[in-house]
Amino acid sequence: MEKRQSQVTQQRTLALQVLGRIVQKARAGEFASSLKGSILRLLLDAGFLFLLRFSLDDAVDNVMAASVGALRALLVSLDDEKYLDWTFSWYQGMAAFPFVPNNEEEEEEEEEELNGTEKSQDKKLKDENKPDPDVARYDVVKGLLKTRIQHRLRYILEVVRPVPTVVLDILHILTHIARHSSEACNQLLDCPRLIETIVREFLPTQWHPQVAEPGCLLTSLHGVACATAMKFIRVLASGGRNATARLLNKFEMKSRLSRFIAEDPLDLLLPREEAIRLSTEAFRLWAVAAGYGQACDLYRDLYPVLVRILQSLPELLSTCRGKSPMIELSVQRATAVVTLLINVTQTAGYTAELQAKLSSNSSEDSEQIPPPPVAWNQVSGLQPFLETSLKKFLQEISQTETWQTLQPLTTTYVIYLGVYYSACSQQPSVNPIDCLEELERLTSEVLQPLLSQPAIHSMWDLLRPCSALCNPLSCSPAPESVSSIASLSCTGGKPPLSLVGSKSPFPFLTALLFLINSITHIHKGLTIKYSSVLGFRGLKDYLHQSWQMRPPSVTPSSAWILRHEYHLQYFVLALARRMAGTCPDYAQHASLHHCVAMALLSRLLPGSEHLAYEVLLDLAFNPEFLPEGKAGGPEAADFSDILHLGTSAKLAQPGSAAAFFSKATRGALLRESYQNLPFIRSCYLSHFVHLQPTFMCSQAFYQGRNYLIQSMLLPEVKGPILPSDWPFFPLISLYNKVTNAETRGAVLNSLPLDLVNTVTWNLQWVLLLETWRAKTLQSIPTAAKLARLMCVFLTGSDLFLEAPIHRYTAALLSVYCQPKALDSLNLDAPLPGLASFHDLYISLLEQFEGVSFGDPLFGVFVLLPLQKRFSVHLRLSVFGEHTSILQALGVPLQQFPVPLERYTSPPEDNLNLLRLYFRTLVTGALRHTWCPVLYVVAVAHVNSFIFSQDSTTQEIDAARKSMLRKTWLLVDETLKKHLLYYRLLNAESPLGFDLYEQLPPVRLKYLQMVTQRK
């Protein structure tokens, strides 16, 4: 890097070239085995990024070119781009997450109280006020845009006119910047003369024919059509519908589309591979525009061209017997054509609806959306071409190499048919009977024979080996990934047996399930015809493994891959929902599918809010997916409690202020909860109303309402849509409302009935899950579950005394007091959504002091955190600042669900706490009749302390001898006897412990020595 400062041009150039090669090799992982730490992080911390940025301003062309090459090596992964192009035509593959780094450090600095829009504006202002290096530390692309890099790159392209290699590097850099965000796309569009220069120089409508001659070596790309430039425009269009409209109209891309689509790639005056790539990118750009409902007027003009292309597609069968790059490029082009037709068909599918709305002239509508210039009768004629090709291609499914080449195109055919029939069934001009008959024919002639093919069985078996959920390492970050540069970690390519690998069954099976769901949604009578799908062993094994695996942490790489995997799981569940009501044999799969649905709800990523809503609406609370409710589940729970008489039996009889309410067994509570599932569902759906804006955007994507889609960039991903503890969300939401009201000075003296019902339904749902779907809640720490349950006592004054709430809280507490749950309880670890458990516990103590009425159930929640292995500060809070609660904490020993050994072992070693124990006992603040549990605990610890003869510090030795002498002099003979003659815990004893009849000789001798010493 020192050579970069040299006055010698060659040294500056060489330094930048060497640094670029180092970055390239580092990103390829070549240094991972020989060096520790990240080279890229080391270079970025040393100012490498801004060294490159300053070098771009160098007046020497070679230095400038070397800087561009090094910057491309730093930012761009060509393998990432290759796989993004590969997945472009998958189901919903056109939409992608923005390349915004997920920086938690920066997020910690943001105010949590701002809403989404305010937060975004506030963050933008902060970034504008930050120095460039500070912004680049979190986000390299944002830092570069702050240095106005786009203006410099425009100058290089327009004025310097560098060699082709540098031009391509610049276009790759601009493509990466455009993938960053819609804001980045707008900055590129607003850069004076940048887009004009690229369109004029690299997407001209005519150029010298010498370019296409074999062996011609281009010395300049200026004035020659370039596929990389077309791809940049396509990625830029993905940034938003407004950006696309500007590109099509202001920057004349509509005429370019006509130019490069109307002419066959063989007739373009370009090298053949480049011509096919250019044509492919032109179709992809048109597909993106059609995804917004734009550029559909070109469809009428280019209809003969599209028909000619579709007629030629079956010819690919004869040419793809051997594998070559040219064949793969041709298949990619054909795939892009079908993807375009999918979006045009979706757009045309809503023309009649929009036309009807426009004709109604309803003044209530806030916005009248004009119908697109393409009607259903203009797109419906292409379906026979595509279905015929599909039938021919499916005949090759058993030929491994041929199928591997044709699978991307076959996948888009299947997606097209799903979209076509979904739209066809909604057209007023189509006879519904004809549509149903077509679906019956497609099922019997194409899909049922396909499902019986051995090759399809093999695909289901490949789900598990290729799954990212079952193989989390497949989407782990690359060795040289840095948090400030978003990357898909595809450098070096993905293995064939991975989700985006060449042998992955996910794209085709997702498309197939999408088509089957479209068919069964329209023609419910055909549902039973597809019952074999859910019975495939490979699918069942995959589902069983995937829902139990912990998903990979959310990174740009994992989010991109997992989104496609979640689509397949959703369609399996959607098909299962239809099977549940029609197929008598479905019940055997219900529990598995419900577990998958519950896991999926906690995993779905931003952009899939529509899927989350559908799972909540139709699957999560559907009684058909909880067969235990009508197959002996409640009775089994009661029988289990009888066999394990312990915590459940103890808490079944609260003996509190609510004790006069009828007592119910756990089985009865489960039965009641099961019957209330419709109310529980309504409760949860109403509490996720805050997702409504993002849900509407997501719904537009999945329903193909292209006229409502604003951008092909999905929302920025920082984690799943729903928190992992979403089953507790209504309770948490209610607690936040009450505490916020109290913070503002309002006092809620009474709680309306709907709030009582809300808490009851929440507790009922959690009880159902803890009993019949316990594994689906394993991701929530036991401590977090208890913290959420504490909200019952912290909400309002006497909410916990309501009969149903009290019963269900007690039932859940019995679950969390089982030995395994107690062993996993860790109150010292950070809990999600909770700043400090200590602060929550102090609030609980204060609430207990004010409104507990001595309720034993409330008392158990106060006592649980006081176990010996948890923070001593919790016990100091009770015995130091809140001793008044000791008079009301009257949980009987026989009803206390936790073994006292968890409180007395190992012996207490905190001198301050021991003195507090002794003081509360001696002063009478802690009595066995008032607080038997803590009385036993205090006596046990004080006894152990005063008779301990282990070597220790002088201060502790003096303290224990002093305490022993004071004990000997106590006037209260009962307390004196308990402290001196305590032997060991005994749950059967009324005291809770046994006493020595006479002190052991060792203790007696020690007592005499201490008390007789002057």
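Here we summarise the structure given alongside this text. (Residues numbered from 1 in each chain as written. Predicted model: local features only at pLDDT ≥ 70, side-chain atom pairs only at ≥ 80, totals over all residues. Heavy atoms only, no water.)

**Comments concerning the overall build of the protein**
Operational definition: Working definition: helices are DSSP H or I runs of at least four residues, strands are E runs of at least two. Numbering for both runs from the N terminus. Between buried and exposed lies partly exposed: a residue is buried under 20% and exposed over 50% of the maximum accessible area for its type, with that area taken using a 1.4 Å probe on protein chains only. We call two residues in contact whenever any of their non-hydrogen atoms come within 4.5 Å of each other. What sets the accessible areas is the Shrake-Rupley method with a 1.4 Å probe; for residues, cover comes only from the shown protein chains. Positive charges are assigned to Lys and Arg, negative charges to Asp and Glu, while His and the chain termini are left out of the count. For charged residues, the charge sits on one atom: NZ in Lys, CZ in Arg, CG in Asp, CD in Glu.
What the protein contains, in helices and strands, is 51 helices and two strands. Seen along its three principal axes, the alpha-carbon backbone of the protein occupies a region of about 115 × 80 × 60 Å. Burial statistics for the protein: of 1014 residues in total, 56% are counted as buried. The long-range fraction of contacts in the protein, counting pairs at least 24 apart against all pairs at least 6 apart in sequence, stands at 79%. In the structure as shown, the protein presents an accessible area of about 42,500 Å², 53% of it carried by carbon and sulfur atoms. Each charge sign in the protein was given a centre, from 92 positive and 96 negative side chains, and these centres are 4 Å apart.

**A closer look at the packing of helix 40 (residues 782-794) against helix 44 (residues 856-863)**
The cut-off we apply is this: Axes here refer to lines fitted to C-alpha atoms; in helices the fit is confined to the stretch in contact. Angles between the N-to-C directions go from 0 to 180 degrees. In these notes the angle categories are as follows: under 35 degrees is roughly parallel, over 145 is roughly antiparallel, 65 to 115 is roughly perpendicular, and the rest is oblique. Each crossing gets its hand from how the near helix is turned against the far one by less than a right angle, where anticlockwise is left-handed and clockwise is right-handed.
The geometry of helix 40 relative to helix 44 is characterised by a closest axis approach of 11 Å and an angle of 140° between their N-to-C directions. Between helix 40 and helix 44, the interaxial angle falls into the category oblique. In this structure, helix 40 crosses over helix 44, and the sense of that crossing is left-handed. Two secondary-structure elements touch here, helix 40 through L786, L789, M790 and F793 and helix 44 through L857, F858 and F861.

**Quick word on the side chain of T280**
Structurally, T280 can be placed in helix 17 (residues 272-291). The class of T280 is buried, set by a relative accessible area of 4%. Those residues within four positions of T280 in sequence are excluded, and the remaining contacts are L329, Q332, R333 and A336.

**Things to note about the packing of aromatic side chains**
The description of two aromatic rings rests on the distance between their centres and on the angle between their planes. Heads up, the condition is: Between 30 and 60 degrees the pair is tilted, below 30 it is stacked and above 60 it is edge-to-face, where a pair is any two Phe, Tyr or Trp rings, Trp via its six-membered ring, whose centres lie within 6.5 Å. For a lysine, the NZ atom is tested; for an arginine, the CZ atom; a charge sits over a ring if that atom is within 6 Å of the ring centre and within 35 degrees of the ring normal.
One pass over the structure, following the stated rule, counts 34 aromatic pairs. Between F896 and Y903, the ring centres sit 5.6 Å apart and the planes meet at 55°, which makes this aromatic pair tilted. In terms of burial, F896 and Y903 fall into one category: buried. Members of the aromatic cluster, joined through ring pairs, are F621, Y684, F688, W726, F729 and W765. Positioned above the aromatic ring of W968 is the side chain of K976, whose terminal nitrogen or guanidinium carbon lies 4.3 Å from the ring centre.

**Remarks on the environment of N62**
Relative to the helices and strands, N62 is located in helix 4 (residues 61-75). Sequence separation between N62 and P162 is 100 residues; the distance between their C-alpha atoms is 9.5 Å.

**What to know about the pattern of salt bridges**
Opposite charge on two side chains makes pairing possible when the charged atoms of those side chains draw close. This is how it is decided: A carboxyl oxygen of Asp or Glu within 4 Å of a side-chain nitrogen of Lys or Arg is what we treat as a salt bridge.
Scanning all chains against the criterion turns up 41 salt bridges. Ionic pairing is found between R72 and D169, a salt bridge with its closest N-O pair at 3.3 Å. Note that R72 is positioned in helix 4 and D169 in helix 11 (residues 164-178), a separation of 97 residues in sequence. On the accessibility criterion, D169 (10% relative accessible area) is buried. Between E201 and R161 there is a salt bridge; the shortest N-O distance is 3.3 Å. In this pair, E201 sits in helix 13 (residues 194-202) while R161 sits in the loop between helix 10 (149-160) and helix 11, placing the two residues 40 residues apart along the sequence. We classify R161 as partly exposed; its relative accessible area is 40%. Here the salt bridges do not stand alone but share partners, grouping E81, D85, R179, K231, R234, E281 and R284 into one network.

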